[in-house]
Amino acid sequence: MNPPSSIPITPPGLAGELGVLAFAQKALEAGEGAALVTIVGLDGPFSRPLGAQLAVSGSGAFAGSISGGCLEAALAEEAKIAMADGVNRMLRYGAGSPYIDVRLPCGGGIDLHVDVHLDPATLRRAIELGRDRKPFALVYDLQAADAAAKLVEGAPGDHPNAFVRRFSPAMQLVLAGRGWEIVALTRLAHDAGAPVVVASHEQATLEFCAPYATELAPLQSPRDPPAFAYDADTALACLFHEHEWEAPILLAALRSPAFYVGALGSRTTHATRLDTLRAMGASEDELRALIGPIGVFAAHDPMAIAVSSLADITMRHRARGRGA
């Protein structure tokens, strides 16, 4: 298994939630200072959800997205002032806000907490938990001007007088197969912020996926696939052209906590696939859980197949209340 050979630079507004925490941690370690701005209240429609965060360094650089560009510059300045004062603060924009020069096109109002008492050890541990795919929460005392966020590992429990920012494992993809479809889907999923494990019996596929994959798993034999670490936020998609490789991988995934198990191919191919899995001992309930053909629309070129497949996987993940 090999690490990615390179990682493309992510624009600040596209940083994932762990990327926002990592930006703040690096700014602190560099001696710049940092603040975390968190949406803690919403009145009416807004482009970002409750709990969305923006990390701001002492220089005014930032990572994350609070409003898609409407407020970030103003928030960076407010965060710099709060860092200079050494005091947490609450901000209000939109309806009821004292900032008459800042208006929200969505209407309504937004409340934000600016935390300037960040603890590098807390951020480091939070990032470790996220990368290990373990849930955690940051608990904020919105009334205290000098309180640091508390890290709670696992279920956060009840905190009636605080704001709880929960972090769940990111949607992860296990992609097995070969060819340009899996390369396109790996690249697209990486750009969408999803960790990707790529398994293939073709060295060229592994090499093309390497810059975008979190992990590479060479396949040695159709009868002996590797054991993947599936959880409730992991999807498996098989994109094989030689379908004898896929059945053992699919059966293991159907018997795992994975929220999505699907495979590429025509309806005729899928019917044959079901017969193969049935002969291997798959139950009818397991077969009903298998998605095929994958995708939300018919597609016939690699990038379109990747877009269709990722849309299908993401839609089903969010329908279960797991996505942001």
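What counts as what
Residues numbered from 1 in each chain as written. Predicted model: local features only at pLDDT ≥ 70, side-chain atom pairs only at ≥ 80, totals over all residues. Heavy atoms only, no water. Helix = DSSP H or I, 4+ residues; strand = E, 2+ residues; numbered from the N terminus. Buried < 20%, exposed > 50% of the residue type's maximum accessible area, 1.4 Å probe, protein only. Contact = heavy atoms within 4.5 Å. Areas by Shrake-Rupley, 256 points an atom, 1.4 Å probe, with all protein chains shown as cover. Lys, Arg positive; Asp, Glu negative; His and termini not counted. Charge placed at Lys NZ, Arg CZ, Asp CG, Glu CD. Pairing = 2+ DSSP bridges. Axes fitted to C-alpha atoms, helices over the stretch in contact; angles between N-to-C directions. Parallel < 35°, antiparallel > 145°, perpendicular 65-115°, else oblique. Left-handed = near helix turned anticlockwise from the far one by under 90°. Salt bridge = Lys/Arg side-chain N within 4 Å of Asp/Glu carboxyl O. 1 Å grid on protein atoms, 1.4 Å probe; cavity = no way out; pocket = protein on both sides within 12 Å on 5 of 7 lines; lining within 4 Å. Points joined across faces, edges and corners; volume = space filled by probe spheres on them. Nonpolar A, V, L, I, M, F, W, Y, C, P; charged D, E, K, R; others polar. Expected span 1.5 Å × (residues − 1). Arc of directions from axis to C-beta.

Counting its regular elements, the chain contains nine helices and 13 strands. In terms of principal-axis extent, the alpha carbons of the chain reach across some 65 × 40 × 35 Å. Expressed as a percentage of the 324 residues in the chain, the buried residues total 47%. Sequence separation of at least 24 residues holds for 59% of the intrachain contacts in the chain that already meet a minimum separation of 6. Roughly 15,300 Å² of accessible area belongs to the chain as shown, and the carbon and sulfur atoms make up 54% of that amount. The positive charge centre, built from 26 side chains, and the negative charge centre, built from 35, are 3 Å apart in the chain.

As for its position among the elements, M83 is in helix α2 (residues 72-85). In this structure the C-alpha to C-alpha distance between M83 and D115, which are 32 residues apart in sequence, comes to 8.6 Å. Once residues lying within four places of it in the same chain are set aside, the contact partners of M83 are G33, A34, A35, V56, S57, G58 and V116.

Here five strands make up an open sheet; going across it, the order is β3-β2-β1-β5-β4 and the pairing antiparallel. In this open sheet, the two strands that pair with only one neighbour each are β3 (62-64) and β4 (89-94). Neighbour-to-neighbour, the strand axes of this sheet turn through a mean angle of 25 degrees, independent of strand direction. Bridge analysis of β4 against strand β5 (residues 109-115) gives six bridges, and the strand direction is antiparallel. Bridge pairing in β5 links Y93 to I110. Packing of helix α1 (residues 17-29) onto the sheet brings it into contact with β1 (34-43), β2 (53-57) and β3, and relative to β2 it is tilted by some 20 degrees.

Before going further, it helps to spend a moment on the packing of helix α4 (residues 180-191) against helix α9 (residues 302-319). In the contact formed by α4 and α9, the axes pass within 8 Å of each other and the chain directions differ by 50 degrees. Looking at the two axes, α4 sits oblique to α9. Helix-helix and strand crossings are classified by hand; for α4 and α9 the assignment is right-handed. Across from W180, E181, A184, L185, L188 and A189 in α4, the residues of α9 making contact are P302, M303, I305, A306, V307, S309 and L310.

Taken as a whole, this structure holds 17 salt bridges when the rule is applied. A salt bridge links R125 to E128; the shortest N-O distance between them is 3.3 Å. Within this pair, R125 and its partner E128 are both found in helix α3 (residues 120-131), separated by three residues, close to a single helical turn. Classification of R125 as partly exposed rests on a relative accessible area of 30%. Residue class for E128 comes out partly exposed when judged on its relative accessible area of 38%. When the shortest N-O distance is used, the salt bridge between R278 and E284 registers 2.8 Å. Connected through shared salt-bridge partners, D43, R92 and D111 make up one network.

In total, this model carries one cavity of 30 Å³ or more according to the counting rule given. What the largest cavity holds in volume is close to 70 Å³. Among the elements of the structure, α3 and β6 (136-140) are those that each provide at least two residues to the lining of the largest cavity. Its residues assigned to classes, the lining of the largest cavity comprises seven nonpolar, two polar and two charged.

Turning our attention to the environment of G13. As for its placement among the helices and strands, G13 is situated in the segment before α1. Distance in space between the C-alpha atoms of G13 and I66 is 8.6 Å, their sequence separation being 53 residues. If we skip the residues at most four places from it in the chain, G13 touches G64 and S65.

Here we take up helix α7 (residues 267-279). The end-to-end C-alpha distance of α7 is 19 Å, a good match for the 18 Å that 13 residues give at a rise of 1.5 Å each. Taken together, the buried positions of α7 are H270, R273, L274 and L277. Down the axis, α7 shows its buried residues gathered within 100 degrees of arc, on one side only. Exposed residues pointing more than 90 degrees away from the buried face of α7 are listed as T268 and A279. The secondary structure elements touched by the buried residues of α7 are α6 (246-254), β13 (260-263) and α8 (284-289). With its phi angle positive at about 105 degrees, G281 sits one or two positions after the end of α7.

Right, let's talk about unusual backbone geometry for a bit. The step from G292 to P293 runs through a cis peptide bond, and the omega angle for that step is -10 degrees. Take P293: it is sitting in the loop between α8 and α9. With a phi angle near 60 degrees, R133 is a residue other than glycine that sits in the positive phi range. For R133, a relative accessible area of 17% translates into the label buried.

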